[in-house]
Amino acid sequence: MPDKLKQRFFYCPKCGGKLNYRYYQGIPRLTCVSCTYVLYENPVVGVAAIVLNDKNQILLGRRKEGQYQGLWCIPCGYVEYDEDVYDAITREFKEETNLDIDLIRVFTVQSNFHNPENHTVGIWFLARVREGFPKAGDDLDEIGYFDLHKVPQLAFPTDNIVINYLRKEIMRGSIRDIPPTSKL
Ligand SMILES: [Zn+2]
């Protein structure tokens, strides 16, 4: 039986009944004792966009509040339940930086396990700025371009992994085809 301390949900979202673990093919799943609803615990999908300027500096934002307050991240957010994943990243980026972006391609996909309360799968896109005046908004209180070798302290461990990949790709020259974006 999984550690009760790690149980995140206790009541059925459908009927309010009590949730207990039951095993399905060896996997414990929270199951409602009243209506038998099974609460599948899946990672949430997050999206982030990598924007580089003509000096190959990356646009980062400083988080305004919450447990990661004051730490920096690649601008990111969650995909809404009824939202297309590509719409989600352009919306999130606009909310956080006031910039309209064009997506180039998916750069990488990573699982995020750093927050036990909320495991996510993150999709990092390469993007370029189409238009807009840069201004921090929503979850961010400051944005700026940083040299890939001199990034400030980051909120999420996977952003560090992604930035390492970026350094390597840039050294290999494989993302040199990305045209410069507008400057802050
Ligand atoms: Zn129920």
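Residues numbered from 1 in each chain as written. Predicted model: local features only at pLDDT ≥ 70, side-chain atom pairs only at ≥ 80, totals over all residues. Heavy atoms only, no water.

For the rest of this paragraph, the subject is the sheet that holds strand β1 (residues 19-24). Backbone hydrogen bonds hold the strands of a sheet together, and the pairing may be parallel or antiparallel. Reading across the sheet, the three strands line up as β1-β2-β3 and stay open at both edges, with antiparallel pairing between neighbours. Each edge of the open sheet carries a strand with a single partner, namely β1 and β3 (38-39). Where strand β2 (residues 27-32) and β3 come together, two bridges link them in antiparallel fashion. When the bridges of β3 are listed, T31 appears paired with V38. (Pairing = 2+ DSSP bridges. Helix = DSSP H or I, 4+ residues; strand = E, 2+ residues; numbered from the N terminus.)

The subject of this paragraph is the side chain of Q7. Structurally, Q7 is set in the segment before β1. Among the polar contacts made by the side chain of Q7, one reaches the main-chain carbonyl oxygen of F9 at a distance of 2.8 Å. In this structure Q7 touches L19, Y21 and L30, once residues within four positions along its chain are discounted. (Polar contact = N/O pair within 3.5 Å; in protein donor to acceptor, adjacent residues only side chain to side chain. Contact = heavy atoms within 4.5 Å.)

This brings us to the environment of I170. Within the secondary structure, I170 sits in helix α2 (residues 157-172). Take I170: its relative accessible area is 18%, and that puts it in the buried class. Residues I170 and V106, spaced 64 residues apart in sequence, show a C-alpha to C-alpha distance of 16 Å. Ignoring anything within four residues of it in the chain, the contact list for I170 reads L52, N56, L148 and I175. (Buried < 20%, exposed > 50% of the residue type's maximum accessible area, 1.4 Å probe, protein only.)

It is worth spelling out the side chain of E83 at this point. With respect to the helices and strands, E83 occurs in the loop between β7 (76-78) and α1 (85-97). On the accessibility criterion, E83 (18% relative accessible area) is buried. Here E80 takes part through its backbone nitrogen, which lies 3.1 Å from a polar atom of the side chain of E83. In this structure the side chain of E83 is engaged in a polar contact, spanning 2.5 Å, whose partner is the side chain of R91. Not counting residues up to four positions away in its chain, the partners in contact with E83 are Y78, A88 and R91.

With that out of the way, let us pick up the nonpolar core. Counting 41 residues, the largest nonpolar core has I50, V51, I58, I74, I101 and L166 as the members making the most contacts within it. At the level of secondary structure, the elements contributing two or more residues to this core comprise β4 (44-51), β5 (58-63), β6 (72-73), α1, β8 (100-112), β9 (120-131), β10 (140-146) and α2. Residue contributions to this core peak at six residues, all from β9. Every residue in contact with L166, bar those within four places of it in the chain, is listed here: I50, L52, I58, F107, L126, L148 and I175. Ranked by size, the runner-up nonpolar core spans six residues in total, among them C12, L19, Y21 and L30. (Core = buried A, V, L, I, M, F, W, Y, C linked by side-chain atoms within 4.5 Å.)

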